[in-house]
Amino acid sequence: LPLCFPQKLWKMLESDQFRSIWWSEGGKCVAINKDLFKEEVLGREVCQRVFNTRHIKSVIRQLNLYGFTKVQRDFQRSASLPEFLSEEAAASAHSQILYYYNPSFNRAHPWLLGACKRR
């Protein structure tokens, strides 16, 4: 039987084969480096594909369909201009990383994976 989307995602997160996707927030969130994911996962040859798409938007649509919500990272801003500018640069690099949360998708509770149903 082919794996459903959450199962594929879980296997990717647990594999050391991918650098573009990892557990974040102590195993409560999925972190995706957008540019690296496009290259490493979506840019694969047909026979090696994990997902049946080459588009990040399709993967994000699947995350949303399975009840994942995007988590915004909050940055505290400094009052001094040089510090503010360096923080902005870090935040810009950080914006390539997407964070998604689903209460039924938790590294510490693999038995909840079955509750990740498509809406």
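See the structure printed just above.
Residues numbered from 1 in each chain as written. Predicted model: local features only at pLDDT ≥ 70, side-chain atom pairs only at ≥ 80, totals over all residues. Heavy atoms only, no water.

Colleague: I tried to follow the packing of aromatic side chains on my own but got confused; where do I start?
Modeller: Describing an aromatic ring pair means giving the distance of the ring centres and the angle of the ring planes. Counted according to the given criterion, the structure contains 7 aromatic pairs. Centroid distance F5 to F51: 5.3 Å. Interplanar angle 35°. Geometry classified as tilted. Of the two residues, F5 sits in helix α1 (residues 5–14) while F51 sits in the loop between α2 (34–42) and α3 (56–65), which places them 46 residues apart along the sequence. Classification of F51 as buried rests on a relative accessible area of 6%. Note on F68 and F105: the rings are 5.1 Å apart at their centroids and 65° apart in plane angle, and the pair reads as edge-to-face. On the criterion of sequence distance, the pair formed by F68 in the loop between α3 and β3 (69–70) and F105 in the segment after β4 (97–101) is long-range, its members being 37 residues apart. Both residues of the pair, F68 and F105, count as buried. Three or more aromatic residues link up through ring pairs in this structure, and these residues are F5, F37, F51 and Y66. (Phe/Tyr/Trp six-rings, centres within 6.5 Å; stacked < 30°, edge-to-face > 60°. Helix = DSSP H or I, 4+ residues; strand = E, 2+ residues; numbered from the N terminus. Buried < 20%, exposed > 50% of the residue type's maximum accessible area, 1.4 Å probe, protein only.)

Colleague: Is there a simple way to explain α3 in this structure?
Modeller: The α-helix winds at 3.6 residues per turn, so residues separated by three or four positions along the chain end up facing the same way. Buried within α3 are the following residues: I56, S58, V59 and L63. Seen along its axis, α3 keeps its buried residues to an arc of 160°; they face one direction. Where α3 is buried, its residues meet α1, β2 (29–33), α2 and β4. (Arc of directions from axis to C-beta. Contact = heavy atoms within 4.5 Å.)

Colleague: Is there a simple way to explain the pattern of salt bridges in this structure?
Modeller: Working definition: two side chains of opposite charge can pair if their charged atoms are close together. Taken as a whole, this structure holds 2 salt bridges when the rule is applied. R107 is paired through a salt bridge with E14; the nearest N and O atoms lie 3.1 Å apart. Taken together, the positions of R107 in the segment after β4 and E14 in helix α1 put the pair 93 residues apart, joining distant regions of the chain. Given a relative accessible area of 39%, E14 falls into the partly exposed group. (Salt bridge = Lys/Arg side-chain N within 4 Å of Asp/Glu carboxyl O.)

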